[in-house]
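# Summary of structural features
Residues per chain are reported as follows:
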Amino acid sequence: MDVVNQLVAQGQFTIIKQPLGFIKVLQWIFAIFAFSTCGSYSGMFKMSVECKNRSDSDLGIEVKFEYPFRLHQVYFDAPTCKGGNRERSFLVGDYSSSAEFFVTIAVFSFLYSMAALSAYCFLLEKYRANNKGPQIDFVVTAVFAFMWLVSSCAWAKGLSDVKTATDPERVVDLLPACKEMENRCREVYDPKVSGLNTSVAFGFINVILWIGNLWFVFKETGWMAAFSGTYVPSQEKQAAPNAYGQQDPYAGSQGGYQPDYGEQGGYAEDGGYSQGYDQQPTSYSNQM
């Protein structure tokens, strides 16, 4: 605890109060929410098959599925309503690619955010040295922003397909016994997918955070000064007399001394130049 207090007293964590560090903390937190809500999901739905011969019926068929949603490997046994026989059936679809891609991006975002926060808090001077750290940070942040957008869109489409494939009303229509009019099939319990809906929302929140963080990382790269400097003409940085090939009449003579025209001389009315060193004002000679 004393070490933490000492680091805080030395200002090691003041970067977290700034947008650059604060947004990185949010990225770290929402990355955890994204992969935890998707990667830890398990669901179940229930349906019933009531045969004409009631002894062959099964009123509580449970079907369980979970991440990574390889539904074509999920099976259950349902009655055929023919002599007490049962038939094994499988769900339809494999949506593991979009789900695993989404979770992978979330995990790597979590790791990179944690590493970047460590650099901000403990290696800030080295991070800003020669602008190499911010420039690398900007490129990586841009890549993650794009990957979050792609993975969130892919997982949103995958989740829609998962909901369709696990809808009990659609599943019972695929059972052979439910295609006969004398048998009665219905859904008993729908799967709860609110956690998966939340994971998609967290995905698009991460898209906003990573895109928004690009601006604050960009200001650390030093590229802004380089871009703004291109709009300044190079001739304006030169001295005005030399801009047109002229020389300063007082440069290099009299050791840099420049006469004060208001006190020691000027141009006479007849066009001649009067130095003013030996000539005295007219008003002074009249007084003598």
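Residues numbered from 1 in each chain as written. Predicted model: local features only at pLDDT ≥ 70, side-chain atom pairs only at ≥ 80, totals over all residues. Heavy atoms only, no water.

Under the convention used in this document: UniProt positions are given in the numbering used here, feature names are shortened, and annotations may be inferred rather than shown by experiment.
Looking at an unreviewed UniProt entry, the chain carries the name MARVEL domain-containing protein, with the source organism given as Takifugu bimaculatus. We quote the UniProt Sequence similarities (unreviewed entry) comment for the chain here in full: "Belongs to the synaptophysin/synaptobrevin family." Note on the chain: under the UniProt heading Subcellular location (unreviewed entry), the record states "Membrane".

## What to know about the sheet that holds strand 2 (residues 58–66)
Our working definition: Pairs of strands are assigned from DSSP output, requiring at least two bridges between the strands. Every helix listed is a DSSP run of H or I at least four residues long, and every strand listed is a run of E at least two residues long, numbered separately from the N terminus. To obtain each axis, a line is fitted to C-alpha atoms, and for helices this fit is confined to the stretch in contact; angles are then taken between N-to-C directions over 0 to 180 degrees.
Sheet architecture is open: 3 strands sit in the order 2-1-5, paired in antiparallel fashion. If you trace the sheet from one side to the other, it starts and ends with strand 2 and strand 5 (184–189), each paired once. Going from strand to strand, the sheet's axes swing by 25° on average, the running direction of each strand aside. Across 7 bridges, strand 1 (residues 42–50) lies against strand 2 in antiparallel orientation. Its bridge partner being in strand 2, K46 is matched across the sheet by E62.

## Things to note about empty space enclosed by the protein
To keep it simple, the criterion reads: We place a 1 Å grid over just the protein atoms. Points where a 1.4 Å probe fits but has no way out form a cavity, open points with protein on both sides within 12 Å along at least 5 of 7 lines form a pocket, and any residue with an atom within 4 Å of a point lines it. Grid points are joined across faces, edges and corners, and a volume is the space filled by probe spheres set on the points. Under the grouping applied here, Gly and all other residues not named as nonpolar or charged are polar, the nonpolar ones being Ala, Val, Leu, Ile, Met, Phe, Trp, Tyr, Cys and Pro and the charged ones Asp, Glu, Lys and Arg.
What the rule picks out here adds up to 1 cavity of 30 Å³ or more. Lining the largest cavity are A78, P79, T80, E87, S89, L175, P176 and A177. Grouping the amino acids of the lining of the largest cavity by side-chain chemistry returns 5 nonpolar, 2 polar and 1 charged.

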